[in-house]
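A look at the structure
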Amino acid sequence: MFWTSYFLAVLAIALAWPVPILLSRAQWPARSPFTAMLLWQAIALAGGLSMIGAMLVYGLEPVGDNLLSGLRALAGMVFHNAPTTELGFWHIFALSAAALLTAHLVFTLLLTYYKIQRQRRRHRELLDLLASPSSDGPGTMVLNVDSPVAYCLPGGARSVTVLSDGLMAALEPDELRAVLIHENAHLSQRHHLLLWAFAAWRQALPWLPTTRLAQESVNSLIEMLADDVALKTESKATLIRAIAIVASGSPATPAVRLAFGEPGGADGDPSQPGATGGSGSAGTTASRVSRLLSPQPPLSEPLRAAVLACCVLLLAVPTALLLVPGLLG
């Protein structure tokens, strides 16, 4: 398992640094946001698997020829109080680091979920007090705020889309439809789950610049995916006008911030996605408008197939190396 551990370590480094940087700078994700989203997920999963797997394989090298046999041997040592003289200091250190990193990632994932749920409960309670139901649908509420505000608050059967009086006054009927379709697309496509996963990745490894790049890229991609849903029924000109009007009033206007904190983050932390949608960052808004003003054709079928094949390989290669003995000698 010697070469397996080093190969996994190199793969983990590549997926943690140069690959996300290159992908965040690429232009093609705007042409096929769904395909790019799958690739980001594969990079995150394969990177974590390779990082933990490299330490596990190295630590278990003296007692097994693959991960499963090594874990069985280690479990036998622990449960039978057998001596662990076969494991040197660095092997024990690697196993401890793998266990701690795994626990840290799982704990951060759960803690991020708890923080998001707490923020959403507080946000929903305040909406019940400060917002009123809209005639645009049972899942829509209106805030008495002059600034243009639009976002959605996930919550299963209690999910709502929140609009402001200022936005509804500024939008034409077709523009309002585009906004509602866009926000409802966030809910129907479960974009909040993606935001949760990448927020947890950033919280777990804040010292890694690529976690910030990944989260920013995913935030931009989900906005493009929602735009594509709106474009099925509304024109590009209508959607561009709606985006510009919503962007003219950030969700963090003083009145909204005073009442709710940041709708897009828990307690003002942008890495904690309490709500979904809204105007987004200035960079995201610029990317969306540029994409609509200068549309590019989607990736060709062969290119999309190549990206999907990369996604499969990214997940299959480290898994096979961990489970199948002797692949790298």
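Residues numbered from 1 in each chain as written. Predicted model: local features only at pLDDT ≥ 70, side-chain atom pairs only at ≥ 80, totals over all residues. Heavy atoms only, no water.

1. Looking at unusual backbone geometry
Of note, Arg190 is a non-glycine position whose phi angle comes to about 55 degrees, a positive value. Take Arg190: it is sitting in the loop between helix 7 (173–188) and helix 8 (191–204). On the accessibility criterion, Arg190 (47% relative accessible area) is partly exposed. (Helix = DSSP H or I, 4+ residues; strand = E, 2+ residues; numbered from the N terminus. Buried < 20%, exposed > 50% of the residue type's maximum accessible area, 1.4 Å probe, protein only.)

2. Points about helix 1 (residues 2–16)
Between its terminal C-alpha atoms helix 1 stretches 22 Å, which fits the 21 Å expected from 15 residues at 1.5 Å a residue. All of the buried residues in helix 1 are Thr4, Ser5, Leu8, Leu11, Ala12, Leu15 and Ala16. Down the axis of helix 1, the buried set is contained in an arc of 125 degrees. They therefore lie on one face. Residues of helix 1 that are exposed and point over 90 degrees away from its buried face: Trp3, Val10 and Ile13. Where the residues of helix 1 are buried, they touch helix 2 (18–25), helix 3 (33–60), helix 9 (209–230) and helix 13 (301–323). (Expected span 1.5 Å × (residues − 1). Arc of directions from axis to C-beta. Contact = heavy atoms within 4.5 Å.)

3. A look at the sheet that holds strand 3 (residues 150–153)
Spatial strand order, 1-2-4-3: four strands in an open sheet with mixed pairing. Whereas interior strands pair on both sides, the edge strands pair on one side only; in this sheet they are strand 1 (131–133) and strand 3. When strand polarity is set aside, the average angle formed by the axes of neighbouring strands in this sheet is 30 degrees. Along the sheet, helix 7 contacts strand 2 (140–143), strand 3 and strand 4 (160–164); its crossing angle with strand 4, the most-contacted strand, is approximately 145 degrees. (Pairing = 2+ DSSP bridges. Axes fitted to C-alpha atoms, helices over the stretch in contact; angles between N-to-C directions.)

4. Notes on the packing of helix 1 against helix 2
Where helix 1 contacts helix 2, the two axes come as close as 3 Å, and the packing angle between them is 30 degrees. With respect to each other, helix 1 and helix 2 are oriented roughly parallel. Taken together, the residues of helix 2 that come into contact with helix 1 (itself represented by Ile13, Ala14, Leu15 and Ala16) are Pro18, Val19 and Pro20. For the contact of helix 1 with helix 2, the per-class residue count stands at seven nonpolar, no polar and no charged. (Parallel < 35°, antiparallel > 145°, perpendicular 65-115°, else oblique. Nonpolar A, V, L, I, M, F, W, Y, C, P; charged D, E, K, R; others polar.)

5. Here's the deal with the confidence of the model for the protein chain
Looking at the protein chain, the pLDDT average stands at 89 and 89% of residues meet or exceed 70. Contacts for the low-pLDDT stretch residues 265–271, under 50 throughout, to residues beyond four places or in other chains number 18 contacts. (pLDDT = per-residue confidence, 0-100.)

6. Side note on the pattern of salt bridges
Counted under the stated rule, the structure contains eight salt bridges. Note that Arg177 and Glu234 form a salt bridge whose closest N and O atoms lie 3.1 Å from each other. Placement of the pair is Arg177 in helix 7 and Glu234 in the loop between helix 9 and helix 10 (236–247), with a sequence separation of 57 residues. Arg177 sits in the partly exposed class, given a relative accessible area of 42%. Residue classification places Glu234 among the buried residues on the basis of a relative accessible area of 11%. (Salt bridge = Lys/Arg side-chain N within 4 Å of Asp/Glu carboxyl O.)

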